[in-house]
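# An overview of the molecular structure
Letter by letter, the chains look like this.
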Amino acid sequence: MSNKLTLLLAIIGLSSQIRAFHVISNVEDGVVGNIDIETNPFIKIGNGYYYIETQAEKNWYDAFESCRRMDSHLVSFESIDEWKAIDRYLWDNKIDNGYWTSGSDYASLEKHEWFSTGLPVSLDIWAPGQPDNYIDEHCDEIGYKREISHQHRLNDLPCICKRRYICEASQAKTASFVIF
Ligand SMILES: [Ca+2]
Ligand SMILES: [Ca+2]
């Protein structure tokens, strides 16, 4: 829970004691279905919120900074379901292409990790024969040879190559209060 949210809960809890109100608070993962909030420019895909850059192509560092300026990170895939949801979205919306992810092996050479989370790239979503570090390749895109695999699979690539990119917003939480 963020410090701001903790502080808010504390203030509401304190004021309720002063004024003799009862407060029930609850924090849930995600945005609950009946709340209509504006998440632009992030769109909900599966259980996450993402920004997909389909115009500008940037090197990995520039893409990373662009996501950070939006208070998000380059995408990392924690589950096959998350990867499948993004892959499906790119095909369904006819924006299939190569996109930077946060994957990189610059922190520990030959051990690809999601730079956004520090966790290893443990999913079997690499394109056949990848990562191969073919020409000093240390940053990971999805979409390599998608015409053949019909999937957006991972490939290591020189970080200075220019690609589209996908930003992933922090996991949203919904805080609700009942006061009586
Ligand atoms: Ca993720
Ligand atoms: Ca490669």
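Here we summarise the structure given alongside this text.

What counts, and at which threshold
- Residues numbered from 1 in each chain as written.
- Chains lettered and ligands numbered in written order.
- Predicted model: local features only at pLDDT ≥ 70, side-chain atom pairs only at ≥ 80, totals over all residues.
- Buried ≥ 20, exposed ≤ 12 C-beta atoms within 10 Å, placed from the backbone.
- Helix = DSSP H or I, 4+ residues; strand = E, 2+ residues; numbered from the N terminus.
- Pairing = 2+ DSSP bridges.
- Core = buried A, V, L, I, M, F, W, Y, C linked by C-beta atoms within 7 Å.
- Contact = placed C-beta atoms within 7 Å.

All right, on to the pairing of strand E5 (residues 99–104) then. The buried fraction of E5 amounts to six of the six residues, a majority that puts the element mostly inside the structure. The sheet contact formed by E5 and strand E9 (residues 163–169) spans two bridges and is parallel. Across the sheet, the residue bridging to Trp100 is Tyr165, located in E9. Of the pairings in the sheet, the one linking E5 to strand E6 (residues 113–114) comprises two bridges and is antiparallel in character. Within E6, the residue paired with Gly103 across the bridge is Trp114.

On to the pairing of E9. Among the seven residues that make up E9, seven are buried, leaving the element largely enclosed by the rest of the structure. Looking at chain direction, strand E3 (residues 48–58) and E9 are connected through five bridges and run antiparallel. Each residue of the ladder has a partner; that of Ile52, found in E9, is Ile166. Where strand E4 (residues 72–74) and E9 come together, three bridges link them in antiparallel fashion. For Leu74, the partnering residue across the bridge sits in E9 and is Cys167.

Turning our eyes to something else, we now look at the nonpolar core. If you look at the biggest cluster of nonpolar residues, it comprises 29 residues, and the most contacted ones within it are Ala63, Leu74, Trp100, Tyr165, Ile166 and Cys167. For this core, the secondary structure elements donating two or more residues are E3, helix H2 (60–69), helix H3 (80–92), E5, strand E7 (139–142), strand E8 (154–157) and E9. Here Tyr165 is in contact with Glu53, Lys58, Ala63, Ser66, Leu74, Tyr99 and Trp100, once residues within four sequence places are set aside.

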